[in-house]
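# Commentary on secondary and tertiary structure
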Amino acid sequence: MKGLMDTSNLTLEQISNMLELAQDIMDNKEKYSDRCKGKKLATLFFEPSTRTRLSFEAAMLELGGSVLGFSEASSSSSTKGESVHDTACVVSNYADIIAMRHPQEGAPMVAMQAASVPVINAGDGGHKHPTQTLGDLLTIYQKFGRLDNLTIGLCGDLKYGRTVHSLVEIMKRYENIKFVFIAPSELEMPNYIKKNLSKDSYRETKSLEEALPELDVLYMTRVQRERFDDIEEYERVKDVYVLDVEKMQYAPSHMCIMHPLPRVNEIAKAVDKDERACYFEQALYGKYMRMALILQLLGLDDAHTDFEISLDADKEMNERVCKNPKCITKTERDIEHLVKNSEFEAACCYCEKEIG
Ligand code: NCD
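Notes on the structure follow. The model shown is predicted, which means the values in this text are computed figures rather than measured ones.

### Remarks on the environment of L138
Position of L138 among the secondary structure elements: in helix α6 (residues 130–144). Taking the C-alpha atoms as reference points, L138 and Y285, separated by 147 residues in sequence, lie 6.3 Å from one another. Dropping the residues within four chain positions of it, L138 is found in contact with L19, A22, M26, Y285, Y288 and M289.

### Quick word on the nonpolar core
The biggest cluster of nonpolar side chains holds 68 residues, and the ones touching the most others in it are L154, M171, F179 and F181. The element that contributes the greatest number of residues to this core is helix α12 (residues 279–297), accounting for 9 residues. In this structure, F181 is in contact with L154, L158, V168, M189, K194, L197, Y202, R203, E204 and T205, ignoring residues within four places of it in sequence. If you look at the next biggest cluster of nonpolar residues, it comprises 34 residues, including A88, A95, M112 and C351.

### Remarks on α6
For α6, which comprises 15 residues, the first-to-last C-alpha distance of 21 Å matches the rise-based estimate of 21 Å (1.5 Å per residue) to within 8%. Within α6, 12 of the 15 residues are buried, which leaves it mostly tucked inside the rest of the structure. Within the span of α6, buried status applies to P130, T131, Q132, T133, L134, G135, D136, L137, L138, T139, I140 and F144. Once α6 ends, the next one or two residues include G145, with phi positive near 70°.

Conventions we followed
Residues numbered from 1 in each chain as written. Predicted model: local features only at pLDDT ≥ 70, side-chain atom pairs only at ≥ 80, totals over all residues. Heavy atoms only, no water. Helix = DSSP H or I, 4+ residues; strand = E, 2+ residues; numbered from the N terminus. Contact = heavy atoms within 4.5 Å. Core = buried A, V, L, I, M, F, W, Y, C linked by side-chain atoms within 4.5 Å. Buried < 20%, exposed > 50% of the residue type's maximum accessible area, 1.4 Å probe, protein only. Expected span 1.5 Å × (residues − 1).

See below:
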């Protein structure tokens, strides 16, 4: 199986090759403008998106390839009851590579198992969003010239924000990275992410003002309205953090403000003029990293990077059933329940939630 499900599927060497390739693409656009000639990317988006879908499409077009797909579940056969498995089998006949976004956690993993072409997770529910993270890494690298020795504040919806989950997963592997998780108790970073961090590599606070002075990067996030079961709870927490010009006085002059976008109220528009605001540039870097990823997955990069993924399922535990209501195993027919046994606890291979 080939694809990208999560940043944990990548080695640091692969990431550094990808950063180099993205830099080369930025510097020598002509050299790459025909590389994907005759290749097709399918964007299967079962959930709304502006940046991710358009940047995937722009990436493929700039590489000389073409794109097909759909941008909402209502225009796909899922409305007729088609499974993710079948959709992936069918689309493998029409495209050379698939990018899939889906509201259920682990859906792209089901697609990758069924497809005969590489599959990229373009965001699965509140779980992971590895290609956003690749763009985030390029942004941080462009700003600081390094990916180590940084203090990164993540602020807002750390519970449902899939971008922060993927970012923490990768950044924790670099030297001397400290995280400050800034969230109200309702939106705290989930345990399945924290349990993989050393105790001294992160701290949690509810106060943005208190955290700001020590940060190199501030990663703001939107409260993910669509993931709340209780809309009143969303109303209570939706405007809990608003970064404005006044609060920016507490931030170091070299700090970089990032946001995966879309923004709602969490960054005041006046902050856009601040030199430290990097979020629009960040969206551009995302496109270059997607170009690098597409080339690598199609074997069209000069280094011929290997993207083979094998599932580390523990066959003896596969009888155990995932209890996460947002997991793809709840709706996909005839799915094999795959469980992995980490050193901590048994977890679902699709959504990674613990199975008690
Ligand atoms: C993010 C996402 O879809 O998770 N957006 C994006 O991909 N640029 C963040 C969000 O929707 O809040």
